[in-house]
Amino acid sequence: MKRRAVLLSGLPLVAGAAHLAAQSPAEVRISARKFEYHPPKVTVKRNQPVVLVLTSEDRIHGFKMPDFGLRTDIVPGQETRVPLMPDKAGSFTFFCDVFCGDGHEDMDGTIVVEG
Ligand SMILES: [Cu+2]
């Protein structure tokens, strides 16, 4: 009798977890290395939140996207997760703001928000 009660009480928890999983934002992976991001261009849909998952293949780089007020370091050996709510359509540039060598000034990429 006791065992059955535990099983029943567990059901809403499982359903709740499934609901959360369905709602969680899509991940967009971008890797950085001297002196480029890969992929250099990412397309997302307006008003559909995503999480940028940033990694570095060589050294510390920066990720700055002024149009959405985002900036973070990208540190080798770890994933840097940055939530992004793309609430305006257009083409937006992000770039490296941590000096990383002779090609640093040209290290940038684009996020296109469709909608
Ligand atoms: Cu740089």
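It should be noted that the structure appears before, not after, this text.
Keep in mind that this is a model prediction, so the values were computed, not measured. (Residues numbered from 1 in each chain as written. Predicted model: local features only at pLDDT ≥ 70, side-chain atom pairs only at ≥ 80, totals over all residues.)

A.B. asks: I'm lost on the overall build of the chain in this one. Help?
C.D. replies: Looking only at helices and strands, the chain has 1 helix and 9 strands in total. In the chain, the succession of α and β elements from N to C terminus is α-β-β-β-β-β-β-β-β-β. Looking at the chain as a whole, 16% of its 115 residues are labelled buried. Taking as baseline every contact in the chain between residues at least 6 positions apart, the subset at least 24 positions apart corresponds to 63%. (Helix = DSSP H or I, 4+ residues; strand = E, 2+ residues; numbered from the N terminus. Buried ≥ 20, exposed ≤ 12 C-beta atoms within 10 Å, placed from the backbone. Contact = placed C-beta atoms within 7 Å.)

A.B. asks: Can you help me understand the environment of Ser31 in this one?
C.D. replies: Its location among the elements puts Ser31 in strand β1 (residues 26–33). Separated by 22 residues in sequence, Ser31 and Val53 have C-alpha atoms that sit 8.2 Å apart. The residues touching Ser31, leaving out its near neighbours within four places in the chain, are His38, Thr55, Ser56 and Glu57.

A.B. asks: When you look at the sheet that holds strand β2 (residues 36–38) in this model, what are you seeing that I'm missing?
C.D. replies: The strands making up a sheet are joined through hydrogen bonds of the backbone, oriented either antiparallel or parallel. With mixed pairing, 4 strands are arranged side by side in an open sheet as β2-β1-β4-β7. On the outer flanks of this sheet lie β2 and β7 (80–84), each paired with one strand and no other. Neighbour to neighbour, the strand axes of the sheet diverge by 30 degrees on average, direction disregarded. (Pairing = 2+ DSSP bridges. Axes fitted to C-alpha atoms, helices over the stretch in contact; angles between N-to-C directions.)

A.B. asks: Where do I start with the nonpolar core in this structure?
C.D. replies: A general feature of soluble globular proteins is that nonpolar side chains tend to end up buried together. By size, the foremost hydrophobic cluster in this structure holds 12 residues: Ile30, Ala32, Tyr37, Leu52, Leu54, Phe63, Met65, Ile74, Leu84, Phe94, Ile111 and Val113. If you list the elements that add at least two residues to this core, you get β1, β4 (50–56), β5 (61–65) and β9 (108–114). For Ile111, the contacting residues outside a window of four places in its chain are Val42, Val44, Phe92 and Phe94. (Core = buried A, V, L, I, M, F, W, Y, C linked by C-beta atoms within 7 Å.)

A.B. asks: How do you make sense of the environment of Pro76 when you look at a structure like this?
C.D. replies: Examined against the element boundaries, Pro76 turns out to sit in the loop between β6 (70–74) and β7. A count of 13 C-beta atoms within 10 Å places Pro76 in the partly exposed class. Once the C-alpha coordinates of Pro76 and Arg33 are considered, the two residues, 43 residues apart in sequence, prove to be 9.6 Å apart. Beyond its immediate stretch of four places on either side in the chain, Pro76 contacts Ser56, Asp58 and Arg59.

A.B. asks: Which parts of the structure should I look at to understand unusual backbone geometry?
C.D. replies: Among all residues except glycine, the phi angle is most often negative; among peptide bonds, the trans geometry is most common. Cis rather than trans, the peptide bond between Lys34 and Phe35 has omega equal to -10 degrees. When you line up the elements, Phe35 lands in the loop between β1 and β2. Residues other than glycine seldom take positive phi values, yet Asn47 does so here, at roughly 65 degrees. Residue position: Asn47 is located in the loop between β3 (41–45) and β4.

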